[in-house]
Amino acid sequence: MSEQLFHDNETSSCYDRYRPEYTDDVAQYVINYARKSQSNDKLDLMVEVGCGSGQATNIFAPFFKKVIATDVSPTQVRHAVEGNKWDHVTYQTGSSEKMPFQDSTADVVLSALSAHWFDLPKFLTEAERVLKPGGCLAVIGYFLQSVALIDNPAKMFSDDGSLFLNHLLSFNFDGNASKTVDVKNKYANVFQAIPWPEKQRYDDFCIERDWSLKDIEGLETSLGTFQNYVRHRLEKVKSGEIMESKVIEVERLKDKVKKLLQIETDDEDKVTLKAVFNEFILVARAP
Ligand SMILES: C[S@@+](CC[C@H](N)C(=O)[O-])C[C@H]1O[C@@H](n2cnc3c(N)ncnc32)[C@H](O)[C@@H]1O
C-alpha cells in the first residue's frame, strides 16, 4: 500500500508546504551518537529512506560529505530535487526494503516519519547490510501534541496527542489504524524490533509552529492515513456504494480545533495558533 501513497502531485505539494521541519537538536543528537570520537569532522555518508521532499535531509546534510536520500514515490523525489539547496545531496527513487546502496558504506541510515510504512524486518536487514560496522541507524518522527490560541494560550488542547490520534482514527478502515498507533507509540514496535544490543531513544525535543487553520487543513491533507481514507472512499464511489458528494464524511481537523478552542470566526486567516509537535528519536549501532 505504501507504494501508492504520496504519489499525486497535489498531496506531495501539500506535504512540502505544510509538514513541519525537524529541529536541529534532532540531527545533533543523532550525530553525537554516530560519531565515534570527539572530532567535529564531517561523516562520510548518510543514506535516507522515505525522505519525502527532504524535511529531515536538510537538517542532517551539514554533518556529512555526501548524502543520498531516497523515497519510493517519484513525485516526492521530484519535489525534493526541485527544492535541493545542497551540492553534496542527491535524491533518487528507492525502497527501504531493497536499498540501492552498497554493503558497509553508510555512517548513518536515516528514516524520518516513514518507518511505519515499511516492511520492518526487511528494512532492518537492509540497514544492517548498508551500514558500516558500528554505523548508526536513526529512526525519527513526531506527532502533534498540542494546539493553543496565540492570543489566549489558556485556550489549548493538549492531551499528549491522543485527541489528535483519535481524530486520525476517524479515517479508520483496514490497514490505516496501526500506522497511526505506531507513530503515537513513538515507534515502540520499531525500537523493540531492532535486534542489535546497543540502542537508545530520546523523546523530549519539540517543534513549535505558528499556524493558521488553513495550515491545519494542509497538514491533515498531507497525511498518508488521510489519503488512504480518501482513496478508499473513492473506490466506494466507483462501486456505487456512496455518492461522490460523500467522499469526505469525517469532520475536518480544523473544524474540530475550532470547536475545541471555541473559536467563533468566519475569518479563518485571522486565527493564529501555536502548534507543538513532540519529536522522538531512536538510534542504534550496527554490529
Ligand atoms: C510521512 S512521509 C515522511 C517524509 C519525510 N521523511 C518527513 O520526515 O517528513 C513518509 C514517506 O515514506 C515514503 N515511503 C513509504 N513507504 C516507503 C518504502 N517502503 N520505501 C521508501 N519510502 C517509502 C512515502 O512515499 C513518503 O514520502
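Now for a quick tour of the structure. Because the structure is predicted, anything quoted here is derived from the model rather than measured.

1. Brief notes about unusual backbone geometry
Then, number 1: The backbone of leucine 113 sits at a positive phi, close to 45 degrees, despite the residue not being glycine.
Then, number 2: Mapped onto the fold, leucine 113 is located in the loop between strand 4 (106–112) and helix 5 (120–130).
Then, number 3: Taking the number of C-beta atoms within 10 Å as the measure of exposure, leucine 113 has 22 and is therefore buried.
Then, number 4: Of note, tyrosine 187 is a non-glycine position whose phi angle comes to about 60 degrees, a positive value.
Then, number 5: Given 24 C-beta atoms within a 10 Å radius, tyrosine 187 is considered buried.

2. Brief notes about the pairing of strand 3 (residues 89–93)
Then, number 1: The sheet contact formed by strand 2 (residues 64–71) and strand 3 spans five bridges and is parallel. In the strand pairing of strand 3, isoleucine 68 is matched with threonine 90.
Then, number 2: Between strand 2 and its parallel partner strand 3, the chain crosses via helix 4 (residues 74–82), and the hand of that crossover is right-handed.

3. Remarks on the environment of valine 26
Then, number 1: Following the sequence through the fold, valine 26 ends up in helix 2 (residues 24–34).
Then, number 2: Separated by 254 residues in the primary sequence, valine 26 and phenylalanine 280 place their C-alpha atoms 8.3 Å from one another.
Then, number 3: Setting aside anything within four residues of it in sequence, one finds valine 26 in contact with Ile59, Ile140, Phe205, Glu279 and Ile281.

4. A short note on the nonpolar core
Then, number 1: By size, the foremost hydrophobic cluster in this structure holds 66 residues, and its most contacted members are Val30, Met46, Phe60, Val108, Leu137 and Ala138.
Then, number 2: With nine residues, strand 5 (residues 131–149) is the largest single contributor of residues to this core.
Then, number 3: When near neighbours in sequence (up to four residues on either side) are disregarded, phenylalanine 60 contacts Ala27, Met46, Val67 and Leu110.
Then, number 4: Membership of the second largest hydrophobic core comes to nine residues, among which are Val147, Leu219, Val271 and Leu273.

5. Some words on the pairing of strand 1 (residues 43–49)
Then, number 1: When you tally the buried positions in strand 1, you get six out of seven residues, the bulk of the element.
Then, number 2: Note: strand 1 against strand 2, six bridges, orientation parallel. Its bridge partner lying in strand 2, methionine 46 is registered against valine 67.
Then, number 3: When strand 1 meets strand 4, the two strands line up parallel, connected through four bridges. Along strand 4, the bridge assignment pairs methionine 46 with valine 108.

Analysis parameters
- Residues numbered from 1 in each chain as written.
- Predicted model: local features only at pLDDT ≥ 70, side-chain atom pairs only at ≥ 80, totals over all residues.
- Helix = DSSP H or I, 4+ residues; strand = E, 2+ residues; numbered from the N terminus.
- Buried ≥ 20, exposed ≤ 12 C-beta atoms within 10 Å, placed from the backbone.
- Pairing = 2+ DSSP bridges.
- Right-handed = clockwise from strand over helix to strand, strands pointing away.
- Contact = placed C-beta atoms within 7 Å.
- Core = buried A, V, L, I, M, F, W, Y, C linked by C-beta atoms within 7 Å.

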